[in-house]
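# Structural overview for review
As a plain string of letters, each chain reads:
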Amino acid sequence: MTSGQDPKVLTVRCPSCRKQTPYSASNPARPFCTERCRSIDLGAWASERFRVEAPLPADDLADPTHQ
């Protein structure tokens with residue numbers, strides 16, 4: 001193997017910066033490459049740049065004037 005990496009170590013792309021990073025116990029930020037990338041991702045969720053769409057419950061769809 002010419003890359004110099006241990007073939008037994010799984011590598012994944014960091015969801016934040018897309019850099020290849022080891023997915024192992026030696027990387028406490030996994031699947032991110034660093035704590036910085038992990039924090040950037042958390043900030044995106046906290047600011048609602050990322051969100052999971054879900055249907056509104058029937059109670060939320062009711063006309064508020066008829067309560």
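Please refer to the structure placed before this passage.
Before going into details, it helps to say that this report is about the structure given with it. Keep in mind that this is a model prediction, so the values were computed, not measured.

## Quick look at a nonpolar patch on the surface
- Residues Trp 45, Phe 50 and Val 52 make up a contiguous nonpolar surface patch of about 320 Å² in total accessible area.
- Topologically, Phe 50 is positioned in the loop between helix H1 (35-46) and helix H2 (58-61).
- We classify Phe 50 as partly exposed; its relative accessible area is 34%.

## Brief notes about the pattern of salt bridges
- Tallying each qualifying case throughout the model produces two salt bridges.
- The shortest N-O distance in the salt bridge between Glu 35 and Arg 38 comes to 3.5 Å. Here Glu 35 pairs with Arg 38, and both are found in helix H1, just three residues apart, close to one helical turn.
- Accessibility expressed as a relative area gives 45% for Glu 35, which makes it partly exposed.
- With a relative accessible area of 31%, Arg 38 lands in the partly exposed category.
- A salt bridge links Glu 53 to Arg 51; the nearest nitrogen and oxygen atoms lie 3.9 Å apart.
- What makes Glu 53 exposed here is its relative accessible area of 66%.

## Let's talk about unusual backbone geometry
- A cis amide bond, omega 10°, links Arg 30 with the succeeding residue Pro 31.
- Structurally, the position occupied by Pro 31 is in the loop between strand S2 (20-22) and H1.
- Although it is not a glycine, Arg 18 adopts a positive phi angle of roughly 75°.
- Structurally, Arg 18 is set in the loop between strand S1 (11-13) and S2.

Definitions and cut-offs
- Residues numbered from 1 in each chain as written.
- Predicted model: local features only at pLDDT ≥ 70, side-chain atom pairs only at ≥ 80, totals over all residues.
- Heavy atoms only, no water.
- Patch = residues over 30% accessible without salt bridge, like charges linked within 9 Å, V, L, I, M, F, W, Y side chains within 5 Å.
- Areas by Shrake-Rupley, 256 points an atom, 1.4 Å probe, with all protein chains shown as cover.
- Salt bridge = Lys/Arg side-chain N within 4 Å of Asp/Glu carboxyl O.
- Helix = DSSP H or I, 4+ residues; strand = E, 2+ residues; numbered from the N terminus.
- Buried < 20%, exposed > 50% of the residue type's maximum accessible area, 1.4 Å probe, protein only.

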